[in-house]
Every structure is written in C-alpha cells, then in structure tokens.
Amino acid sequence: MRSRITRRVRIKTPDLNLVDRVKGHIDAIVTAAFQAIFPDRITIQYPRERRDVPDNFRGMIQFDINKCISCFQCSFVCPANAIMMRGAPDGRYYPCIDYTRCIFCHFCVDTCPRGALLRTKIHDVAFSSMEEMFATTEELIEPPEMLREDDTVIRYRIENGDLVLEKIEEIAELSTRPEIQVSPAKLSACAHPENCIACTLCYLTCPSNAISVKVVEGKRTFEIDPKLCTGCGLCVKECPTCTLTLIER
Amino acid sequence: MAEACYLCWEVELPERRKKGMKYFGILKEFVIDSGICSHCTTCANICPVRGITAGDKPIDFPNWIELCVDCGACIRVCPRWNYVPLKGMGDYIEILGAKSKRFRGQDGGLVTEIIASAMEMGEIDRAIFVGRDDEWKPVIIHVKSVEQLEGERIRGTKYSFADVIVELRDAVFHTEKGVGVIGTPCMVSGVRKLQKVVKRYSENVKLVVGLFCTENFYHHQLSEFLAEKGIDLTKAVKTDIKKGKFIVEFEDGSKTSFSVKEFDEIIPSGCKVCQDFSGVESDVSVGSVGTPDGYSTVMVRTEIAKKIMDYIRKKDYVEFTEPKPAVVEKLVKYKVKIHPYPPEKKE
C-alpha cells in the first residue's frame with residue numbers, strides 16, 4: 001500500500017523586533033538569577049535530600065524475635081505468599097521475607113498479634129542479586145543495610161494554596177516506630193463446649209500458659225485466664241473440633 | 001457475639017479401666033487386642049493428634065506411649081467399647097425394592113441415587129464415597145457434585161476396609177450444608193457415637209446410608225487370597241457375593257465363583273462378633289438381599305431418608321419392585337447365628 005501523502009505545515013518563527021528580543025533575554029536572566037538566590041522548585045534532590053514520610057509508611061519490615069510467638073498469622077495473611085516460616089533451633093518457626101514477592105501491603109505487620117513485625121521507613125535498598133532479596137530471620141532482626149547520602153529532610157506544606165517546601169537540615173529517622181502497632185485486643189474463649197473432646201491441645205500449645213486443665217471426679221475442667229491470654233489465636237488454630245474462638249475483649 | 005462464650009468449661013472423661021495407662025493403651029488392650037475391633041476407624045477420626053492409623057492393617061497408634069495426649073476421645077467414640085451387639089431389622093418406615101434409572105451400581109445403584117438426590121435437594125453438599133485403584137484397593141473420594149457420581153470406579157462393592165470415617169473429619173469441618181456418609185453397620189454405629197460426643201457431627205452429618213454387611217476384609221488379605229485362587233483382580237470389573245458365593249466378573253465377560261465359606265480364615269476377628277446385618281442405626285439401609293437381580297432393597301428408617309425417597313418418587317428416578325422382607329430377615333438371623341457374642345470358645 002502506498003503511504004498517504006500528508007501536507008507539511010511549517011510553523012514560522014515569530015517576527016520579533018530587536019527591542020522584544022532584548023526584553024525577552026533580560027527577563028530570562030532575571031528569572032534565573034532570582035531562582036538561583038530564592039529557588040521555589042518542589043522536586044527533591046534525592047538521594048541528598050529525603051522526604052519526610054508519615055509514621056505508618058509501609059517500608060521494609062523489621063522483626064523482633066523476642067515478641068514472636070510463631071503463630072504463622074503473617075504467612076497466612078500474606079497475599080503475595082512472600083513470607084516463609086523457617087524452623088529455628090529452638091523448635092519454633094520464624095518468618096523470612098522474600099522481597100522479590102513482597103508487595104509492601106503490611107498485612108503481616110497489621111495482623112501480628114504481638115507486634116513482632118515492625119514498620120520501617122526504608123524503601124530504597126539496592127540488591128545485587130535475586131538471592132539477596134530473600135531476607136532470612138536473622139537479617140530481618142536488624143534494619144536493612146543501605147547507603148545513606150542524605151543530610152536534609154524535606155517537608156511539604158501548603159501555604160495560601162501553594163505547595164511550599166520546607167527544608168530541615170537533619171538526618172531522617174528511618175527506624176521502627178513500635179508505638180504505632182495497634183492490634184485489636186482479643187481473647188480466646190470456648191464457643192462450643194459440647195464440641196470439646198478434652199484433648200488438651202489448647203493447653204499444650206498456649207505460649208503464655210493462659211489455659212489450665214484440672215481433672216476432678218472424672219471430669220476435665222478447662223479454664224482460660226483472661227489476664228494471661230494474649231489473643232494470639234494459636235489454640236483456636238490447634239483445636240481439632242473448632243471449639244474455641246477469638247472474641248473481642 | 002450472638003453466641004455465649006465460656007472461659008471455663010468441663011468435659012466428662014471415660015472410665016479409666018487401668019490405672020496409670022493412657023487411654024489409647026486401654027482401648028488397645030480391651031478392644032483392639034481382644035479382637036473385637038471392627039476397624040470402623042472412628043477413633044482415627046477423632047484422635048486430636050491424628051496418631052491413630054488405620055488403612056489396610058489393624059488399628060494402631062505407633063509410639064502411643066509418647067505421643068498420645070490421653071484425652072480419651074477414642075474410647076468415647078468407639079462403638080465396640082462396652083460392646084452390646086445390635087441386631088435385627090431395626091425400626092423402619094418402609095421397605096422398598098428399587099432400581100435407579102440414572103445410575104448403574106452394584107445392584108440397583110440406589111446408594112448413588114439417594115446421595116445424588118440428596119445433593120439435588122440441597123440437603124447435603126458433599127458425600128464420601130469409596131472408589132478403587134487398578135488393584136481394587138479402596139480409595140476415598142470426596143464427592144461434591146452429581147457429575148462426579150458417574151465415574152466408573154465409584155460404583156460397586158469393594159469388600160475391603162476403607163478409611164471413610166477418617167475422611168469424614170475434614171468433610172464435617174468444611175461442609176456448608178451437610179455431609180452424606182455411606183458405610184457398613186459398624187461405621188454407622190461409629191458415626192452415631194461421634195454425633196453423641198461432638199455436636200458438630202450431629203449438626204453436619206445429615207445422611208448416613210448403611211450397607212447390608214456380613215463381613216468385610218483387609219484388602220491385602222483379600223487380594224492375596226484371590227491371587228492364590230488364580231484370580232487377577234486388575235482385570236476384574238465387579239466383585240459380588242450372591243447366595244453364598246463370591247463372584248468375580250472380568251473385562252471379557254467371564255465369571256469365576258466359589259463358596260464364601262472358604263473365606264473363613266481371612267475374616268477379621270472384629271467382624272466375627274458383629275451381629276448387625278442391616279445397619280439398624282442408619283438413616284437408610286441399602287443392600288441386594290431381598291430383591292431380584294439388578295434391584296436394591298432399601299429400608300427407609302428416618303424422616304430425612306423418607307423425604308429423599310419421596311423426592312426420588314416424585315422425580316421418577318427409579319423403577320420399583322416388590323421386596324421380600326422375609327429374605328432380609330433370614331440373613332439378619334443368620335448373621336446373629338454365625339457371629340455369636342461373646343464369641344464361642346474353641347477347644
């Protein structure tokens with residue numbers, strides 16, 4: 001097929017006289033000089049500057065092994081299947097995060113009943129290989145290593161309908177903010193005592209010894225201590241007859 | 001929450017016949033080792049640590065001394081614990097002879113028909129069937145749709161123990177409407193006992209179909225026995241027991257048969273003390289005895305089964321024939337006679 005012939009239109013340069021040209025040049029020089037002294041750009045000179053992000057920023061995840069109760073909730077909830085529970089020498093299972101899969105939704109952080117997973121504001125870590133992107137439990141305990149070049153924190157502010165940059169000469173705090181961990185208070189309770197087969201698996205799995213079992217006159221009595229129960233849900237998961245449930249405190 | 005929740009509750013424990021022994025040990029001594037275990041696998045179903053194993057060998061719990069959590073659930077659900085044999089025809093609303101127009105089965109295809117109709121009615125959303133592999137080894141199939149019931153291997157009697165009740169646990173905790181179970185009379189008793197102990201089972205097991213049964217076999221013993229007779233089960237298409245004869249039908253249409261009396265040595269000891277032929281505790285019992293070839297006898301015992309039979313009648317899914325309750329009754333009495341309990345002592 002022959003290509004269609006289109007008419008080319010040449011745009012003429014505007015016909016300016018000498019005065020207009022000189023005026024234009026002077027205008028440009030003045031603007032450039034003004035911007036050099038009082039710049040009003042809103043772009044950030046990353047990585048020398050860094051934007052101040054809110055406390056609930058979903059960055060890379062840090063892990064507190066002392067708080068983890070090995071309940072697997074993080075790996076269950078992960079929509080990207082990025083969390084692997086790996087066996088540790090102490091017989092428990094702790095999470096590892098595959099950052100090739102992680103979508104930074106922080107469902108794991110939100111779901112953790114003990115707040116063992118922590119948010120950081122770090123989002124810019126470079127990896128040299130795919131293997132490196134798999135963060136083992138040990139690597140998760142320390143905040144991820146990164147090269148910092150920044151010395152300024154940038155805050156945006158709206159002033160008279162205009163976006164204004166505010167520069168603060170300090171090094172941004174990127175580490176964890178455990179105080180923003182809010183998980184709803186839950187309590188384990190027996191919803192269907194007539195389903196219970198008295199297997200004591202709840203008592204055996206409870207990490208905080210909140211469930212006590214007594215045998216009196218041919219009857220096995222179970223009792224949950226609300227003071228000790230942390231609402232981790234391990235007993236609910238273990239119960240073979242779906243007897244237990246988590247209730248709001 | 002709408003339902004009441006408890007922070008303190010209690011569960012009655014079964015009597016500990018032997019002091020200082022874990023419950024499974026007691027079950028082992030008084031039921032399994034004393035030879036009255038029927039291999040219904042109800043204990044394996046309830047075991048919270050899933051330690052009790054069934055399959056093609058006697059019920060066991062490897063390493064029970066260490067792993068048993070001593071809950072006593074196995075004893076509470078065991079139909080042979082404090083065993084009082086069930087016998088007779090049991091109560092029934094009606095007795096029918098029928099043949100399915102939709103499904104082919106061992107005889108009239110009525111078990112398949114009842115389950116399919118119950119699924120269509122929405123009474124149940126899943127059922128547990130026993131299929132088989134090439135060597136006639138039973139394989140459990142979770143049936144979730146009527147289409148699945150048209151499979152070649154799902155139909156027909158296998159005459160081998162299958163872990164139906166073990167699989168029931170997963171079905172009961174995953175069902176939305178209800179579960180249908182098909183089993184020999186001992187399995188039916190097991191399910192009924194489970195329903196007494198765990199409420200979830202009484203809520204979710206909606207339909208229990210009992211099969212007429214004199215005895216069942218361990219698959220390895222049955223296939224070895226038949227191999228000795230020169231029968232290659234891989235080529236068989238149907239096994240049947242009719243008028244005291246064990247019949248194997250092959251792909252090419254030929255048949256071999258011999259007397260069931262020859263089986264005596266491989267009959268499991270648990271079957272030798274069982275007197276329940278018709279599955280008296282079931283919702284509906286089905287078997288070939290009492291009707292002509294190609295028809296099944298159906299004993300409708302409960303309201304739910306009646307409802308399903310009425311639906312089948314309305315939809316005109318089956319052809320009816322006149323059953324002979326007297327013939328069933330004869331076999332019911334015969335089973336009591338050949339399986340005395342307590343067993344007669346041999347000199």
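Because the structure is a prediction, the values reported are computed rather than measured.

**Student:** What is the right way to look at the confidence of the model for chain A in this model?
**Tutor:** Predicted coordinates in areas of low pLDDT are best not read in detail. For chain A, per-residue confidence averages 85 on the pLDDT scale, and residues scoring 70 or more make up 94% of the total. At the low end of the mean pLDDT range in chain A sits strand β8 (residues 162-168) of chain A, at 81; at the high end sits strand β4 (residues 93-98) of chain A, at 93.

**Student:** Help me understand the pattern of salt bridges in this model?
**Tutor:** Should their charged atoms come close, side chains of opposite charge can pair. All names here are of chain B. Tallied over the entire structure, the rule returns 31 salt bridges over all chains. Across the pair D170 and R50 runs a salt bridge, and its minimum N-O distance is 3.4 Å. You can see D170 sitting in helix α6 (residues 164-174) and its partner R50 sitting in the loop between α2 (42-46) and α3 (64-67), a full 120 residues away along the chain. Judged by its relative accessible area of 29%, D170 falls in the partly exposed class. Relative accessible area serves as the criterion here: at 48%, R50 is assigned to the partly exposed category.

**Student:** Whenever I open this one, the sheet that holds strand β4 (residues 138-143) of chain B confuses me. Can you help?
**Tutor:** Residue and element names in this part refer to chain B. What the eight strands build is an open sheet, ordered β4-β3-β5-β6-β10-β11-β2-β12; its pairing is mixed. Edge strands, defined here as strands with exactly one partner in the open sheet, are β4 and β12 (318-321). On average, each strand axis in the sheet is inclined to that of its neighbour by 30°, with strand direction left out of account. Relative to strand β6 (residues 205-211), strand β5 (residues 179-183) runs parallel, the two sharing five bridges. The residue of β6 that forms the bridge with V181 is V208. On top of the sheet, helix α5 (residues 110-121) reaches β2 (94-100), β3 (126-132), β4, β5, β6, β10 (284-287), β11 (296-300) and β12; it is set at about 170° to β6, its chief contact.

**Student:** Explanation requested: the packing of α6(B) against helix α7 (residues 185-197) of chain B in the structure shown.
**Tutor:** A pair of packed helices is captured by two measures, namely the crossing angle of their axes and the spacing between those axes. All names here are of chain B. Packing of α6 against α7 leaves a shortest axis separation of 11 Å and a crossing angle of 35°. The chirality of how α6 crosses α7 is right-handed. Residue-level contacts link V164, I165 and L168 of α6 to M187, V191 and L194 of α7.

**Student:** Just to check I follow, could you spell out the sheet that holds strand β3 (residues 83-87) of chain A for this structure?
**Tutor:** Strand pairing within a sheet occurs via backbone hydrogen bonds; the two strands may be parallel or antiparallel. Residue and element names in this part refer to chain A. The three strands are arranged β3-β4-β6 in an open sheet whose pairing can be described as antiparallel. What marks the edges here is a single partner per strand, and that holds for β3 and β6 (134-135). Sheet topology note: the β4/β6 ladder contains two bridges and is antiparallel. Opposite D98, over in β6, you have F134 as the bridge partner.

What counts, and where the lines are drawn
Residues numbered from 1 in each chain as written. Chains lettered and ligands numbered in written order. Predicted model: local features only at pLDDT ≥ 70, side-chain atom pairs only at ≥ 80, totals over all residues. Heavy atoms only, no water. pLDDT = per-residue confidence, 0-100. Helix = DSSP H or I, 4+ residues; strand = E, 2+ residues; numbered from the N terminus. Salt bridge = Lys/Arg side-chain N within 4 Å of Asp/Glu carboxyl O. Buried < 20%, exposed > 50% of the residue type's maximum accessible area, 1.4 Å probe, protein only. Pairing = 2+ DSSP bridges. Axes fitted to C-alpha atoms, helices over the stretch in contact; angles between N-to-C directions. Contact = heavy atoms within 4.5 Å. Left-handed = near helix turned anticlockwise from the far one by under 90°.

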